[in-house]
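# Summary of structural features
This is what each chain is made of:
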Amino acid sequence: MKQSVTVNEPKDLKAGVALKAFFSKLKIKPPKFEVKTILRKVVVPIVSILLFIGLWHMGSKALFNVEANYKIEKALTDQGQAAADATKACIASGDLSCQPNTLPSPSQVWASFNTLLADHKTISADKLAFKEKTAALNEKRIAAGKEPITYTGRPSFVDQIGTSLKTVFAGFLLALVIAVPIGIIIGLSETLRSSFNWLIQIFKPVSPVVWLLLVFMIVKTMTKDSNSDSAFIISFISVGLCAMWATLVNTAMGVATVDKDYINVAKVLKLGALQKVFKVILPSSLPLIFTGLRITLSVAWMVLIAIELLAQSPGLGSFVWEEFQNGANDSNSKIIVAMFLIGIIGFLLDRIMLVVQNAVSFNKNASA
Amino acid sequence: MIAEKSTKDTVLDQENGIVFPSKIMLDLKDLKKVYPTPKGDYVVLEDLNLQIMKEEFVTIIGHSGCGKTTMLSMIAGLNPITGGNIAVLGNPVKGPGPDRGVIFQSPSLMPWMTALQNVLLGVNRVFPHATKAQRKDIAQYYLHKVGLDGAFHKKASELSQGMQQRVGIARAFAIKPKVLLLDEPFGMLDSLTRGELQDILIEIWNKEKITAVMITHDVDEAIFLADRVVMMTSGPRAKIGDVLKIDFERPRTRKTVLEHENYYTYRKHLIDFLEH
């Protein structure tokens, strides 16, 4: 146990020194930045990240000790002093077979991340080799009217991220295609708005899991005699249904609350109904529609993990679940890697949407 | 001279006592507006009668909340009429339409469109048979007239308040309305910009001679622009209190108006009305 700790510490220190050096370089390089801004925008975030990693490190160490002591004591009471000593030695030696299973330390997570990357490299090399090997054969099979042979090996971690992104975008598009037109229609008519309101209010808070079950009931029957990827269909439809409400509500609100002045202008100019919708109402509600879409995308990404986990659809969610079920020595750290990646991807998606939102927003002062 | 019995489409020129049947552009007859409130009906306007001639510029002044804007939006067709009627060239107003151009108090431009697109929005609607180039020419002509040569392709949201209102003026003139309705168009501007825009407005108006009805709070503005200043009594049940004919020659400049011997008489007349 102690060994692993002493191995970790210099690594963390090194990283810290490297970051500090990087920062001091930055400080000299751009002279136009005020020291105060650098302090606030660079130093404080880095310090907080280091603090976080430090706390995490100490916390995981404490948990590790608790788990290790419990193991040793259990060996002592169950099998006696010799077994306890053996366990202690085994833990200290870093032997994978007897490591306590608890919150992984930052360095373990980093190591797992590298393992996953290496794993990805191996798998993609495998895939490439497979493709080359089967290329000639597949051509023949296609010529003969048969299905080509596809790679059926285990997907790598990166592949699973790709699948998750694909699912979330499919779900997002579904939400967009459903929610925006309906939102516009019910936004235009107060009668429709009040008649649909109860439906929106009731379905909005329904948990993703329940949507999944509902979609499952329907899709299972509908895809009974087709060989389509029903897990993917189920998960993207569920994601779309969970996430579309924000867009629906925002679109309806945006359309319903178009500035009265614009409506008056449209009236004075006697614009036709279509022109009024496309030239006045829609552009003026675009900012709110995009606010809704941004919320929709972040909700979609959040529920995706839970839905994939339950729908057994390949992706980050099932990766997390499989690792949890797997219980291998580095499973916990792989779960933490996934957690960070989920967070980072979610953050990036949100940033992208923010950029789009600001691009369509005509009121430059209104930023999110 | 022509004594027509039917007074519906005729009016008496008070000064000369002549009836010109074809000269009335806008006819407000026994106009009434009631807003229902929980405490009972609130009568904003009652027995309001006003005739406005072709090519006349009329300004309307009155205390805040007396119903000036209500009247103007009823002429524009944006506010339903409770009683009486409004006719444009003898045709009763049934709703809004491009024959009555409106310049609103706030510029009300579509902020996501460029200045040119904002003007084109109306031009395309009013001249559907013109070619694209012709419509663009019309829009550009009016934008040029309001002094926005460099800003055709600027987004409305990037323009200053004064420049936005210039676009508003261009948009209103470009659809060649029969009547131009102006609801305190310069009320939100600083006094320098206001003066500039008054000059621009009157310059274009001198050329186009579109019948104009303009609400203002500014006595000097009312005198400078108008052929007649209509004074409204305070509400409820507001009506026309007094009408002052402004006998300055056109085209006018600010200087000649200010130096005119009658200027302060007019001004006193209006202020006396407003203070009583």
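Placed above this text is the structure.
What comes next concerns the included structure. (Residues numbered from 1 in each chain as written. Chains lettered and ligands numbered in written order. Predicted model: local features only at pLDDT ≥ 70, side-chain atom pairs only at ≥ 80, totals over all residues. Heavy atoms only, no water.)

## So, the overall build of chain B
Check the secondary structure of chain B and you find 8 helices and 12 strands. Taking all 276 residues of chain B together, the buried fraction comes to 53%. Considering only residue pairs separated by 6 or more positions, chain B has 67% of its internal contacts joining residues 24 or more positions apart. Counting every atom, chain B has about 12900 Å² of accessible surface; 52% of that belongs to carbon and sulfur. (Helix = DSSP H or I, 4+ residues; strand = E, 2+ residues; numbered from the N terminus. Buried < 20%, exposed > 50% of the residue type's maximum accessible area, 1.4 Å probe, protein only. Contact = heavy atoms within 4.5 Å. Areas by Shrake-Rupley, 256 points an atom, 1.4 Å probe, with all protein chains shown as cover.)

## A look at the interface of chain B and chain A
Every contact between the two is made by 21 residues of chain B and, on the other side, 15 residues of chain A. Summed over both sides, the interface of chain B with chain A buries roughly 1700 Å², with 72% coming from carbon and sulfur. By the criterion of area lost to chain A, the three top residues of chain B are Trp112(B), Leu121(B) and Arg125(B), representing 33% of everything that side buries. The tally of links from chain B across to chain A stands at 0 salt bridges. At the boundary of chain B and chain A, one finds 5 residue pairs in polar contact (both at pLDDT 80 or more). For the side of chain B that touches chain A, the elements supplying multiple residues, two or more each, are β8 (100–103) and α2 (115–126) of chain B. Considering only residue class, the side of chain B that touches chain A consists of 12 nonpolar, 6 polar and 3 charged. (Buried area = accessible area lost by both parts, 1.4 Å probe. Salt bridge = Lys/Arg side-chain N within 4 Å of Asp/Glu carboxyl O. Polar contact = N/O pair within 3.5 Å; in protein donor to acceptor, adjacent residues only side chain to side chain. Nonpolar A, V, L, I, M, F, W, Y, C, P; charged D, E, K, R; others polar.)

## Regarding the nonpolar core
Counting 99 residues, the largest nonpolar core has Phe157(A), Leu26(B), Leu28(B), Leu48(B), Met71(B) and Met232(B) as its most contacted members. At 15 residues, helix α10 (residues 273–311) of chain A tops the list of elements feeding residues into this core. With sequence-adjacent residues up to four places away left out, Leu26(B) is seen in contact with Leu50(B), Gln51(B), Ile52(B), Ile75(B), Ile86(B), Ala87(B), Val88(B), Val179(B) and Val213(B). If you look at the next biggest cluster of nonpolar residues, it comprises 54 residues, including Ala115(B), Ala212(B), Val257(B) and Leu270(B). (Core = buried A, V, L, I, M, F, W, Y, C linked by side-chain atoms within 4.5 Å.)

## A word on the side chain of Ser318(A)
Residues and elements named next belong to chain A. By secondary structure assignment, the location of Ser318 is in helix α11 (residues 316–326). Here Gly315 takes part through its backbone oxygen, which lies 3.1 Å from a polar atom of the side chain of Ser318. Contacts of Ser318, omitting those with residues within four sequence positions, involve Gln160, Glu308, Leu309 and Ser313.

## Examining the packing of aromatic side chains
Any aromatic ring pair is given by two values, namely how distant the centres are and how the planes are angled relative to each other. Summed over the entire model, instances satisfying the criterion amount to 14 aromatic pairs over all chains. Plain terms: the ring middles of Phe232(A) and Phe236(A) are 5.4 Å apart, the flat faces sit at 40° to each other, and that makes the pair tilted. Of the two residues, Phe232(A) and Phe236(A) both sit in helix α8 (residues 230–256), 4 residues apart, roughly one turn of that helix. The exposure class assigned to Phe232(A) is buried, which follows from its relative accessible area of 17%. Following the ring pairs from residue to residue traces out a cluster consisting of Phe52(A), Trp56(A) and Phe340(A). Taking NZ or CZ as reference, Arg254(B) lies 4.5 Å from the ring centre of Phe224(B), over its face. (Phe/Tyr/Trp six-rings, centres within 6.5 Å; stacked < 30°, edge-to-face > 60°. Lys NZ or Arg CZ within 6 Å of the ring centre and 35° of its normal.)

## Digging into the side chain of Ser112(A)
Residue and element names in this part refer to chain A. Here Ser112 lies in helix α4 (residues 106–143). A residue is classified by how much of its surface remains accessible, and Ser112, at 2% relative accessible area, is buried. Those residues in contact with Ser112, other than ones at most four positions away along the chain, are Asp330, Ser333, Lys334 and Val337.

## A short note on the sheet that holds strand β6 (residues 83–88) of chain B
As summarised here, the arrangement of the 4 strands in space is β4-β3-β6-β7 (chain B), forming an open sheet in which the pairing is antiparallel. Strand pairing shows two members of the sheet lacking a second neighbour, β4 (40–53) and β7 (91–92) of chain B, which therefore form its edges. (Pairing = 2+ DSSP bridges.)

Remember that the coordinates give geometry; whether it matters functionally is a separate question.
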